[in-house]
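Listed below are the residues making up each chain.
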Amino acid sequence: MNKEHVAALFSHLEQGDGAGFFAHVADGVDWTVMGTHPLAGHYRSKQAFFAATFEKLHKVLPEGTRLSTQNILIDGDWAIVELRSMATARDGMRFDNRYCWLCRFQGETIVEVRAYLDSWLVGELFRRNPVGARGSATA
């Protein structure tokens, strides 16, 4: 795993190819979304993470989000990836967020992620664009 590999992997997200990105995420990934907002939680599988985050976001961001990789730092089997998203919610709210994902790799596969983001902005997004039951979940 090197910076070029990580950049190529994250380019899938930049191009709207979530499947291409998640093909390199372990089924049993240990993914924690930090914060106190409707997407926050500790997810113990790719399926649980996707259901609790991407599926909820799809309901409130009908045109999806444009992600761009801002920085990548590598240390051993860890990659620190800074991302920026640009999106518009159902109600017209701008949802331009910044993320920092700490990703641990085994070979070329992501096995652990700790994701940091603007909790207030996510909370406001779901307050203005409700999708049903909200809150942190452990899956």
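Data block above holds the structure.
What counts and what doesn't
Residues numbered from 1 in each chain as written. Predicted model: local features only at pLDDT ≥ 70, side-chain atom pairs only at ≥ 80, totals over all residues. Heavy atoms only, no water. Salt bridge = Lys/Arg side-chain N within 4 Å of Asp/Glu carboxyl O. Helix = DSSP H or I, 4+ residues; strand = E, 2+ residues; numbered from the N terminus. Polar contact = N/O pair within 3.5 Å; in protein donor to acceptor, adjacent residues only side chain to side chain. Contact = heavy atoms within 4.5 Å. Buried < 20%, exposed > 50% of the residue type's maximum accessible area, 1.4 Å probe, protein only.

Participant: I would appreciate a short explanation of the pattern of salt bridges in the present structure.
Facilitator: Think of it this way: side chains of opposite charge can pair up when their charged atoms draw near. Within the structure shown, the criterion is met by six salt bridges. Salt-bridge contacts for R114 lead to E112; the nearest nitrogen and oxygen are separated by 3.4 Å. One connected set of salt bridges, linked through shared partners, spans R104, E112 and R114.

Participant: Would you take a moment to explain the side chain of K46 for this structure?
Facilitator: Positionally, K46 belongs in helix α3 (residues 46-52). Here the side chain of K46 touches V25 through a polar contact of 2.9 Å, landing on its backbone oxygen. Leave out the neighbours within four places in its chain, and K46 touches F22, V25, A26, D27 and V29.

Participant: Before we go on, may I ask you to explain helix α5 (residues 119-128) in this structure?
Facilitator: In an α-helix, one turn spans 3.6 residues, which is why side chains three or four residues apart end up on the same side. When α5 is considered as a whole, its buried residues turn out to be S119, L121, V122, E124, L125 and F126. On its buried side, α5 packs onto α4 (54-60) and β6 (109-117). Its side-chain oxygen at 3.1 Å from the backbone nitrogen of W120, D118 defines the N-terminal cap of α5.

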